[in-house]
Amino acid sequence: MINLYSTGCPKCKVLEAKLKQKGIDFNVINDIKILQEKNILSVPVLEINEKLYNFVEAVNFVNNCEGVC
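What counts and how
Residues numbered from 1 in each chain as written. Predicted model: local features only at pLDDT ≥ 70, side-chain atom pairs only at ≥ 80, totals over all residues. Heavy atoms only, no water. Helix = DSSP H or I, 4+ residues; strand = E, 2+ residues; numbered from the N terminus. Rg over C-alpha atoms; globule rule 2.2 N^0.38 Å. Buried < 20%, exposed > 50% of the residue type's maximum accessible area, 1.4 Å probe, protein only. Contact = heavy atoms within 4.5 Å. Areas by Shrake-Rupley, 256 points an atom, 1.4 Å probe, with all protein chains shown as cover. Lys, Arg positive; Asp, Glu negative; His and termini not counted. Charge placed at Lys NZ, Arg CZ, Asp CG, Glu CD. Polar contact = N/O pair within 3.5 Å; in protein donor to acceptor, adjacent residues only side chain to side chain. Pairing = 2+ DSSP bridges. Axes fitted to C-alpha atoms, helices over the stretch in contact; angles between N-to-C directions.

*Asks:* Break down the overall build of the protein chain for me, with residues and values.
*Replies:* The helix and strand inventory of the protein chain stands at three helices and four strands. Taken over C-alpha atoms, the radius of gyration comes to 11 Å for the protein chain, in line with the 11 Å a tight globule of 69 residues would show. Taking all 69 residues of the protein chain together, the buried fraction comes to 33%. Contacts spanning at least 24 positions in sequence make up 66% of the contacts within the protein chain whose residues lie at least 6 apart. When the accessible surface of the protein chain is summed, it comes to about 4600 Å², and 49% of that surface belongs to carbon and sulfur atoms. Put simply, the protein chain has 8 plus and 8 minus side-chain charges, and the middle of one group is 7 Å from the middle of the other.

What follows is the structure, encoded as structure tokens:
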């Protein structure tokens, strides 16, 4: 499963729109306590197979995703 850690900021909305556009299933997590527990200091962050990706890395992942991701 893919998790999107978000606060609803403009970059968060861009990444969420890209995920939806590609048809990628994901959960949105916006609980500040969870963000703190994972030591996420800025958003958006995409978590894929327990690895965290910053905005640039996440956009690259989504842009290069073909078929099932």
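Still to come is the rest of the account.
*Asks:* Just give me the short version of the environment of glutamate 47, but keep the residues and values in it.
*Replies:* Within the element layout of this structure, glutamate 47 appears in strand β3 (residues 45-48). Taking C-alpha positions, glutamate 47 is 5.6 Å from isoleucine 2, a pair spaced 45 residues apart along the chain. Once residues within four sequence positions are removed from consideration, glutamate 47 is found in contact with Met1, Ile2, Asn3, Tyr5, Lys38 and Leu52. A distance of 3.1 Å separates polar atoms of two side chains, one belonging to glutamate 47 and the other to lysine 38.

*Asks:* Could you give me a rundown of the sheet that holds strand β1 (residues 2-5), with the residues and numbers involved?
*Replies:* Paired through backbone hydrogen bonds, the strands of a sheet run either parallel or antiparallel to each other. Here we have four strands laid out as an open sheet, ordered β2-β1-β3-β4, and mixed in their pairing. Both outer strands of the open sheet, β2 (27-29) and β4 (51-53), are each paired with one neighbouring strand and no more. In this sheet, neighbouring strand axes are inclined to one another by 25° on average, regardless of whether the strands run parallel or antiparallel. Pairing of β1 with β2 involves three bridges; the strand directions are parallel. If you follow asparagine 3 over to β2, its bridge partner there is asparagine 27.

These results come straight from atomic positions and should not be treated as a statement about function.
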